[in-house]
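# Observations on the model geometry
Each chain, written out:
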Amino acid sequence: MATNKQEYLQTVLETHRMSHVEDLVNKFKSKRDEVKDALTSHYGSQIYSPFDSGSFKKHTAINTKFDLDVVVPVKRDSFDTLDKMFDSFYDFLSDEFGENATVRKQTVSIGIIFEEDSDGDVISLDIVPGRELSQDQYSNDKKLNLFVSSDYGIFSSSTYIQTNIQAQIDHIKAKDNERKIIRLLKIWNNNDGKEFKSFLLELITIKAFDTEDISGNLWEKLQQVMTYIKDNVTNDSFKLIDPGNSNNDLMDTLTSWGRTNLSSRMGTMLDRIESNSDNIKGYFPTNSDFEEEDKSSSSGYGVKTGAAAFSTPPDNQRFG
Amino acid sequence: MGFLQDVTKLISDIPFVEKAYDFEEEELLIKGKVKLSIEELPHPLEFDVEVFKCYPLKNYDSESIKFKSLDLIEYKHVMGDGSICVHTAHHTNLKSKLNYDFISLKNWILKYYVGKEKDDHYEHIIVDEKLVHNQYWSYQFTDIEQSFEKGEFGEVTISPLLPIGTFRGARISNHIIQSFIRNNGEKLDCKWSQLYKQFNITNSGCYVFIESPPANHGKFIYTKWSDLQDHLPLQFLTFLLEFQKKFIKDRGKIFPLFIGYNTDDSNIHWQVALLELGNFPVMGYRMPSGKWEMILKHDMEIDWGLTRNSSFDYFFGRGSFSKHITEKKILIIGVGAVGSMVAKTLTRCGCKFIDIADSDIKEPENICRSEYQFNFGLGDKTEELRIILGTISPFVETNVVDKDYFQGIIKLFHKEKGSKLNFEKSLNDYDLVFDCTTDNDLMYALDSLDLKCALINLSITNFANELVCAFYPNIYNFVMNQFNNVLDNDTTDLYNPTGCWSPTFKASYNDIALLVHKALSRINSLYDSGARKNNFVIEGSGSDLKVIEF
């Protein structure tokens, strides 16, 4: 039976809602606040108030893979250099939480992965220290310089990048349609090898909505965005400007092969879904932990009737 | 006209044939002479010509026309009897075939006689492999890590392969060289797999490395021991006699002597001469000074045996998978129909490390559509397959993984943090893991692990209508969706050999092998090109197989 793509995608989003993992989210928030408090207490007047960012803040988080991001704006005079700032945060967080967590340097952040708790949950936070460009300038325009660790990213040696995380957050504010498509593309990306940065998928979706007349039901909107990506990312002139820094083009993070690959993945998916609507389920899985019972029956999106038969093998039986 | 007249007339008509004469008919062939006049030649060349009566068809694999000239024996591609080695195109028309063959001869003259060209590739020397003690004796060698120096010699250890077989209708005794032992005791092991290294050493021989081929004109192997006099160091001859003395109780037994030489900058060949204990071709005599001298027996002919280079590059030289597959450490979980075909194909395509895991038993009814054999009887699939793979390639290392590991232990403990890490570590010891189990629960458990190794899942539908291939990390969701929703997998018509508890799919060896080979061909191509490994489904049958990429 053909899949109703619109209804199916609604189910995909529904099963990936953060509200399904409210208890876990609360644990994340509690840990986040604990870390924020520790930072505020330790750095005092050297920093401005830490604030939340990332997919939680942007309402693009999905419940299969998430962490919480905290940005810590640092005053210009607090550190001579960005690497000293980065090292100071790393050292402090290691001292403070290293006993019960793995603390590691990442591209622009310090990751804290707390040990599994009694429920088996693992809390992970990303702390992003950023220094204002000049003394007291942050209050006016929210611009920050982030240290970029040499071990990561496209940079061959340690450097810095200017950004405005608040502007990035504002960029997606009140864009509910875009958020749904971003969540769907993140679900696909997580299922398909995690080749693409979430931020890139976010910006490209917003750009598609800004450039094209994206309309219709959820499937139709997703289809149009995917078509937009397929048709545009291989153009050399196609740019994805970071709203936090107009000099930062996210397309630069993709190689020529990466652009072709992204376009080709979109094209293949559209073709396969077009040839058989059931293929949509192979690309955009539901989170089976939160599927309603009746959706697993023959009338829903799960296994076929034959799967529940006894004495004969189910019709999803594989052979080899 | 008869065959003799036809051939003589047609040869005479060839433009660069100045003269065709003295042609006469014998029982199986006609023979005569030709004089060729070619512009680039300072003077005409003469050849004896033999044309077998099956001409223009071939005689076995050989051309049924021969051009001979013993005067040209020093040139490339001339055999010991003076015949020129020509390979020409097939034709059933006498005139056309004669034209082809004479043009080939002309081309040989221009390239090798006039141009004196030398080939880039190695031309093996021509060996008259002899029957000794009414049988043939063969020895295969493979690469070793070390190199040899001119004049060095020592012992060789040898293991027999399967019991006596036949070769060109006569008995043959087959062996492999296990190691070369230098005079200082250093042991140079041949790089066979462990299976072969563990073979009993039942024979000894000796070796001497002489650097250049033991051949006249670089291609005709010496026929008498005296030909080797200048190549064999005196100490080696002494060593040889001491060896004979040591084993004289085995008088009459065949004793192989391996003569080594370079074939190019990096390869060597060992040609075996078969000696008889008690009748070695070496004589010692006392000089007037009282000192002993060693010489080779002048008139004694050399009995050359069969040696074959079975080094990895020769063994798989005719075709193998990409090095991006063959060098990988591979694990195959599930060795039923699909898994055993995957294992055997990877082995024949040059893979060196293939571990296997399966808890299943091989029953007689498994044989018709898998790679198992009747002669093994009932037994663990893994153990039989390990032996089968080893019988195919002397370079594949195969270990059997604990049968409970995948179908039991991982499923029980994959969610426990410590165990999960251990499973990940043990799988990440491999580069490439094939899951051919068709076990959905295992597929789910493996998909939930954080793997660095490549994981490929293969399974088929009933009647082998489709094969589904999925690459980690998008395996479980993709495969389940294909079988749940996309593919039309009719499970109402299954084969129930022993009741409803053991139904199995219907498909022949050929049905399954078509899909498996197509899938492996695609996987090899993906690894060779480094392209993105997208999941795919192969559907259709026979020549109409279609790959659908996802």
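These figures come from a predicted structure and were not determined experimentally. (Residues numbered from 1 in each chain as written. Chains lettered and ligands numbered in written order. Predicted model: local features only at pLDDT ≥ 70, side-chain atom pairs only at ≥ 80, totals over all residues.)

Here the focus is the overall build of chain B. A tally of helices and strands in chain B yields 13 helices and 26 strands. Computed over its C-alpha atoms, the radius of gyration of chain B comes to 31 Å, more than 25% above the 24 Å expected for a compact globule of 550 residues. In terms of overall dimensions, chain B has a C-alpha envelope of 85 × 75 × 40 Å along the principal axes. Contacts in chain B between residues far apart in sequence, at least 24 positions, make up 60% of those at least 6 positions apart. (Helix = DSSP H or I, 4+ residues; strand = E, 2+ residues; numbered from the N terminus. Rg over C-alpha atoms; globule rule 2.2 N^0.38 Å. Contact = placed C-beta atoms within 7 Å.)

Moving on, we come to the interface of chain A and chain B. Taken residue by residue, the interface counts 26 residues in chain A and 34 residues in chain B. At the level of secondary structure, the elements contributing two or more residues to the side of chain A that touches chain B comprise helix 10 (256-275) and helix 11 (280-283) of chain A. Counted by class, the side of chain A that touches chain B contains 5 nonpolar, 13 polar and 8 charged residues. (Nonpolar A, V, L, I, M, F, W, Y, C, P; charged D, E, K, R; others polar.)

A few words on the domain arrangement of chain A. Residue and element names in this part refer to chain A. What the domain assignment lists for chain A is domain 1 (18-171) and domain 2 (176-279). A separation of 27 Å is found between the C-alpha centroids of domain 1 and domain 2. Those elements that place two or more of their residues in the side of domain 1 that touches domain 2 are strand 7 (159-163) and helix 6 (165-171). Of the residues forming the side of domain 1 that touches domain 2, the biggest block, 4 residues, is contributed by helix 6. A class-by-class count of the residues in the side of domain 1 that touches domain 2 yields 5 nonpolar, 9 polar and 1 charged. (Domains from an automatic or database assignment.)

Before going further, it helps to spend a moment on the domain arrangement of chain B. Residue and element names in this part refer to chain B. Segmentation of chain B into domains returns domain 1 (3-114), domain 2 (135-315) and domain 3 (323-549). Spacing between the C-alpha centres of domain 2 and domain 3 amounts to 45 Å. In this assembly, 8 residues from domain 2 lie in contact with 5 residues from domain 3. Mapped onto the side of domain 2 that touches domain 3, the elements with two or more residues apiece are helix 3 (194-197) and helix 5 (312-315). Here the side of domain 2 that touches domain 3 gets 3 residues from one element, more than from any other, and that element is helix 3. Looking at the side of domain 2 that touches domain 3 residue by residue, the classes come out as 5 nonpolar, 3 polar and no charged.

Another point: the pairing of strand 24 (residues 466-471) of chain B. Residue and element names in this part refer to chain B. In terms of residue burial, strand 24 counts as a mostly covered element, since 5 of its 6 residues are buried. When strand 23 (residues 454-460) meets strand 24, the two strands line up antiparallel, connected through 5 bridges. Its bridge partner lying in strand 24, S459 is registered against V468. Joining the antiparallel neighbours strand 23 and strand 24 is a turn of 5 residues, in which F463 adopts a positive phi near 65°. As paired elements, strand 24 and strand 25 (residues 536-539) share 4 bridges and run antiparallel to each other. Paired with V468 across the strands is V537, a residue of strand 25. (Buried ≥ 20, exposed ≤ 12 C-beta atoms within 10 Å, placed from the backbone. Pairing = 2+ DSSP bridges.)

The subject of this paragraph is the sheet that holds strand 18 (residues 329-333) of chain B. Residue and element names in this part refer to chain B. Pairing is mixed across the open sheet formed by 7 strands, whose spatial order is 19-18-22-23-24-25-26. Both edges of this open sheet fall to strand 19 (353-357) and strand 26 (546-549), since each of them pairs with a single strand only. Across the sheet, the axes of successive neighbouring strands diverge by a mean angle of 15°, strand direction being ignored. Note: strand 18 against strand 22 (residues 432-435), 4 bridges, orientation parallel. Considered in strand 22, the bridge of I330 is made with L432. (Axes fitted to C-alpha atoms, helices over the stretch in contact; angles between N-to-C directions.)

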